[in-house]
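So you can see what is in the structure, the chains are spelled out below.
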Amino acid sequence: MTKKTRRKNLTPASTPCTGFANVLTCQIRIFPTGLSWICQHTFAPQHHLPLLSMNDYVQSLLEGKIDFEGQKQVDNIARFALIAATVISFIIGFALQSLRVTFGTFGGAVIILSLIIIPPWPAYNRHPVKWLPIIEKKASAKST
């Protein structure tokens, strides 16, 4: 039995790369009684995409863009929520006479507050900064 494998890339050059190529794999098997033709259609990953280092990948996940008004809004939310959580957890802990309940309530409030203020939600980028265009200086070449 003889095997011949042929790969044909079905993705045209004008198609934008999505990270996978449409690949048709065909095998011809030669038997004493005749030929056998088997084709398999798969999506194979393309390795020509730029690979980021682990540091760049983590930074792209954690980096968020918020404007100055969003920073002010986050600061106000954090300040008022932490004050309220402190007062509420103190009252609950005092009523139950338990430091464990006091710190547990405050810790839960901090975790919930972190989920609200740490991610760069679109609400924090409602007033993006409009930067001035780049002004290119013309270099004057003096010839003598």
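Residues numbered from 1 in each chain as written. Predicted model: local features only at pLDDT ≥ 70, side-chain atom pairs only at ≥ 80, totals over all residues. Heavy atoms only, no water.

The protein goes by Signal peptidase complex subunit 1 in an unreviewed UniProt entry, where it is assigned to Cerrena zonata. UniProt annotates the protein under Sequence similarities (unreviewed entry) with the comment "Belongs to the SPCS1 family." Reading the Subcellular location (unreviewed entry) entry of the UniProt record for the protein gives the comment "Endoplasmic reticulum membrane". (UniProt positions renumbered as here; feature names shortened; annotations may be inferred.)

Engineer: Which residues make up helix H2 (residues 68-96), and what values go with them?
Structural biologist: Over its 29 residues, H2 runs 42 Å from end to end, which matches the ideal 42 Å to within 8%, given 1.5 Å per residue. Buried within H2 we find Gly70, Val74, Ala78, Ala85, Ser89 and Gly93. Those residues of H2 hidden inside the fold are in contact with helix H3 (99-117). Phi turns positive, to about 55 degrees, at glutamine 97, one or two residues after H2. (Helix = DSSP H or I, 4+ residues; strand = E, 2+ residues; numbered from the N terminus. Expected span 1.5 Å × (residues − 1). Buried < 20%, exposed > 50% of the residue type's maximum accessible area, 1.4 Å probe, protein only. Contact = heavy atoms within 4.5 Å.)

Engineer: Go over the UniProt feature "transmembrane region" (unreviewed entry) in the protein with me, naming the residues and quoting the values.
Structural biologist: Within the UniProt annotation, "transmembrane region" (unreviewed entry) is assigned to residues 77-96 and 102-121. Summarising residues 77-96: 100% helix, 0% strand, and an end-to-end C-alpha distance of 28 Å. Secondary structure content for residues 102-121 is 80% helix and 0% strand, and the end C-alpha separation is 30 Å.

Engineer: Requested: an account of the pattern of salt bridges, with residues and values cited.
Structural biologist: Following the criterion strictly, the structure yields 1 salt bridge and no others. Among the ionic pairs, arginine 79 bridges to aspartate 75, the shortest N-O distance being 2.7 Å. With a gap of 4 residues between them, arginine 79 and aspartate 75 both fall in helix H2, about one helical turn apart. (Salt bridge = Lys/Arg side-chain N within 4 Å of Asp/Glu carboxyl O.)

Engineer: Tell me what's going on with the nonpolar core, and back it up with residues and numbers.
Structural biologist: In this structure, Val74, Ala78, Leu113, Ile117 and Tyr124 together form the largest nonpolar core, which totals 5 residues. When sequence neighbours within four positions are dropped, the list of residues in contact with leucine 113 reads Ile77, Ala78, Ala81 and Leu82. (Core = buried A, V, L, I, M, F, W, Y, C linked by side-chain atoms within 4.5 Å.)

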